[in-house]
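Below are the chains, spelled out letter by letter.
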Amino acid sequence: MPELERVLRSTRVVTPTGTRAAQVTVADGVIAGVLPHDAPPPAGVPVEELGDAALLPGLVDTHVHVNDPGRTDWEGFWTATRAAAAGGITTLVDMPLNSLPPTTTPAHLALKQDTARPRAHVDVGFWGGALPGNTEELRPLHDAGVFGFKCFLSPSGVEEFPPLDQGQLAVALAEIAGFDGLLIVHAEDPHTLDGAPQRPGPQYADFLASRPGEAENQAIENLIGQAARLGARVHVLHLSAASALPAIAAARRDGVRITVESCPHFLTLTAEEVPDGATEFKCCPPIREAANRDALWAALADGTIDCVVSDHSPSTVELKTGDFATAWGGISSLQLGLPAVWTEARRRGHTLDDVVRWMSEAPARVAGLTAKGAIAPGKDADFTVLDPEETFTVDPAALQHRNRVTAYAGRTLRGVVRSTWLRGRRILHEGAYTEPAGRPLSARRSHHGSTARAHRGRTTGGPGRRIRLVRQQTEN
């Protein structure tokens, strides 16, 4: 047995069985035990006394656009993972776009892993991409360690990552089901979007009308039909429209293997409060009305929505300017997701146990990150130390992601991350970082410290490269 390295002791340790006073022992980067708070600490082992600060498992964010390599003027592994650590996130899974090249072949995956390795402050896994014509790459990508495959059902916003039509979706999903992989889906129906009113300009109401909830409803119903026919595993990304929830719940009752995520901005912001011209609030699908937000919270409470992840989708400041039709759609919230969700959850009577379930345990489960997501023996010793009562006002200048645009500017949020720990080592404390200690994760390996367990080239362009965005941008 490895020798104990340290003990972390708090009166509020959030475990799978509830919050309690406890001390957590760490050996070889792994949680060795969760002991009574008043038990004598092991002799000679350093003890980190946390007092009444809450000890949470490190958060797991399975929906992050790092954009590195190729669009590092938008974001990069160094800045994104610093923002993640500042937000209590110790593991993220990177989307296959908007990097150049996208993660659609094993060679592109290897390039992404090599790019992340010296720059990542937290552990990083990778999704592969399912595109028209790359079906033969899906199994090799799976064997190379991606955690699943992302596709779009409507234009992604970048021409190198086109959407699947229903026939192409069926082909890709059949291939992925053959090795029991996971397909994660941006579910908006392109025909519904094409039929929606398109009125460019600064009015948020016009943008909202261009992305109706029916587009999500139709795409999700089609996805459910395909998954049911093939017995496939599917995951709905960034659910915005609560009107899709009954179909999802019914599909689960019928045995369809479908999971669902939503995002902090859909749970904490509302259409009614978005000022005209405030394109920092633009995302696709969009932030909807307050009544819709209430229904999303109800679905979180009853388990219809599995998890909450950031959909951190940054761009340059220049791409976020202009009217709602032309601005890039994406909200950067790696650093702010935990306090934003906790602030609203607390107001609605939820606990830190709930927040941990939504933002750590469930994302880890969906992605198959079995070494992550809980303070329990055998899990990686990844922790977030949170002062849940303290408040702060969001100052964009204090954010760590590369382009400091945020829909949360000026908001008062509750919950301050004091320190973040990765495999038993503190990587952030009161704003001070260690050197990067994160590692690329592979779904095909299971040993602790470098990878997570499985669930059963060359760049083009560069930081200064000009791109042509697809007119009907859906990326987010």
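Please read these numbers as outputs of a predicted model, since none were measured by experiment. (Residues numbered from 1 in each chain as written. Predicted model: local features only at pLDDT ≥ 70, side-chain atom pairs only at ≥ 80, totals over all residues. Heavy atoms only, no water.)

So, the nonpolar core
Part 1 of the reasoning: If you look at the biggest cluster of nonpolar residues, it comprises 98 residues, and the most contacted ones within it are F149, L183 and L239.
Part 2 of the reasoning: Per-element tally for this core: the top contributor is helix α1 (residues 77–86), with 6 residues.
Part 3 of the reasoning: Other than its neighbours up to four places away in sequence, L183 contacts A130, F149, C151, L169, L173, I176, R233, V234 and H235.
Part 4 of the reasoning: V93, M95, L369 and A443 belong to the second largest nonpolar core, which has 16 residues in total. (Core = buried A, V, L, I, M, F, W, Y, C linked by side-chain atoms within 4.5 Å. Buried < 20%, exposed > 50% of the residue type's maximum accessible area, 1.4 Å probe, protein only. Helix = DSSP H or I, 4+ residues; strand = E, 2+ residues; numbered from the N terminus. Contact = heavy atoms within 4.5 Å.)

Things to note about the sheet that holds strand β7 (residues 89–94)
Part 1 of the reasoning: Pairing is parallel across the open sheet formed by 3 strands, whose spatial order is β6-β7-β8. Strands at the two margins of the open sheet, each flanked by one partner only, are β6 (59–64) and β8 (123–126). Taking the axes of each pair of neighbouring strands and ignoring which way they run, one obtains an average angle of 20° across the sheet.
Part 2 of the reasoning: Bridge count between β6 and β7: 4 bridges; the pairing is parallel. The residue bridging L59 from the neighbouring strand is I89, located in β7.
Part 3 of the reasoning: Strands β7 and β8 of the sheet are contacted by α1, whose axis makes an angle of about 135° with β7. (Pairing = 2+ DSSP bridges. Axes fitted to C-alpha atoms, helices over the stretch in contact; angles between N-to-C directions.)

As for the pairing of strand β12 (residues 233–236)
Part 1 of the reasoning: Where burial is concerned, the two faces of β12 agree: the one with R233 and H235 and the one with V234 and V236 are both buried.
Part 2 of the reasoning: Taken together, the 4 bridges between strand β11 (residues 182–186) and β12 define a ladder with parallel strand orientation. Each bridged residue has a counterpart across the sheet, and for L182 the counterpart in β12 is R233.
Part 3 of the reasoning: Alignment of β12 against strand β13 (residues 257–262), held across 4 bridges, turns out to be parallel. Counted as the bridge partner of H235 is T259 from β13.
Part 4 of the reasoning: You can see the chain leave β12, run along helix α8 (residues 245–253) and come back into β13, and the turn it takes is right-handed. (Right-handed = clockwise from strand over helix to strand, strands pointing away.)

A look at the packing of aromatic side chains
Part 1 of the reasoning: One pass over the structure, following the stated rule, counts 8 aromatic pairs.
Part 2 of the reasoning: When the centroid spacing of 5.3 Å and the interplanar angle of 70° are considered together, the rings of Y204 and F324 count as edge-to-face. With Y204 in helix α6 (residues 204–210) and F324 in the loop between β14 (307–308) and α11 (337–347), this residue pair connects regions lying 120 residues apart in the sequence. The pair Y204 / F324 is uniform in exposure class, with both members buried. (Phe/Tyr/Trp six-rings, centres within 6.5 Å; stacked < 30°, edge-to-face > 60°.)

Comments concerning the environment of V308
Part 1 of the reasoning: Assignment of secondary structure puts V308 in strand β14.
Part 2 of the reasoning: By relative accessible area, V308 is classed as buried at 1%.
Part 3 of the reasoning: C-alpha separation for the pair V308 and P16, spaced 292 residues apart in sequence, amounts to 17 Å.
Part 4 of the reasoning: Ignoring sequence-local partners within four residues, the contact set of V308 consists of S262, C263, P264, L267, L300, V341, W358, M359 and P363.

With respect to the pairing of β6
Note on strand geometry: in a regular strand, side chains alternate between the two faces of the sheet.
Part 1 of the reasoning: Judged by how many residues are buried, β6 sits mostly within the fold: 6 of 6 residues are covered.
Part 2 of the reasoning: Chirality of the crossover, the property in question, places the unit of β6, α1 and β7 among those that are right-handed.

Observations concerning helix α10 (residues 290–302)
Part 1 of the reasoning: With 13 residues, α10 extends 19 Å from end C-alpha to end C-alpha; this agrees with the ideal 18 Å at 1.5 Å per step.
Part 2 of the reasoning: For α10, the set of buried residues is N292, R293, L296, W297, A299 and L300. Relative to the axis of α10, the buried residues are bounded by an arc of 160° and lie together on one face. Residues A291 and D302 are exposed on α10 and point more than 90 degrees away from its buried face. (Expected span 1.5 Å × (residues − 1). Arc of directions from axis to C-beta.)

Here's the deal with helix α4 (residues 166–178)
Note that an α-helix has 3.6 residues per turn; residues three or four places apart therefore point the same way.
Part 1 of the reasoning: An ideal rise of 1.5 Å per residue puts 18 Å on 13 residues; α4 measures up with 18 Å between its terminal C-alpha atoms.
Part 2 of the reasoning: L169, A170, A172, L173 and I176 are the residues of α4 that are buried.
Part 3 of the reasoning: Considering only its buried residues, α4 is in contact with α3 (138–144), β10 (149–152), β11, α7 (213–230) and β12.
Part 4 of the reasoning: The N-terminus of α4 is capped by D165, whose side-chain oxygen sits 3.1 Å from the backbone nitrogen of G167.
Part 5 of the reasoning: Taken from the residues just after α4, D180 is the one with a positive phi, measuring 55°. (Polar contact = N/O pair within 3.5 Å; in protein donor to acceptor, adjacent residues only side chain to side chain.)

Here we look at the state of the cysteines
Part 1 of the reasoning: Across all of its chains, the model carries 0 disulfides by this definition.
Part 2 of the reasoning: Between C284, a cysteine without a disulfide, and C283, which holds the nearest cysteine sulfur, the sulfur-to-sulfur distance is 6.8 Å. (Disulfide = S-S within 2.5 Å.)

Things to note about the pattern of salt bridges
Part 1 of the reasoning: The final tally for this structure, using the stated rule, is 26 salt bridges.
Part 2 of the reasoning: Here R411 ties to E273 by a salt bridge, and the two come within 2.5 Å at their closest N and O atoms. Of the two residues, R411 sits in the loop between β15 (383–393) and β16 (412–422) while E273 sits in the loop between α9 (264–268) and α10, which places them 138 residues apart along the sequence.
Part 3 of the reasoning: In this structure E273 comes out as partly exposed when scored by relative accessible area, which is 31%.
Part 4 of the reasoning: With a closest N to O distance of 3.1 Å, R357 and D354 form a salt bridge. Remark: D354 and R357 occur in helix α12 (residues 352–367); sequence separation between them is 3 residues, near one turn of the helix.
Part 5 of the reasoning: Through salt bridges with shared partners, one network takes in D123, K372, D380, D382 and R423. (Salt bridge = Lys/Arg side-chain N within 4 Å of Asp/Glu carboxyl O.)

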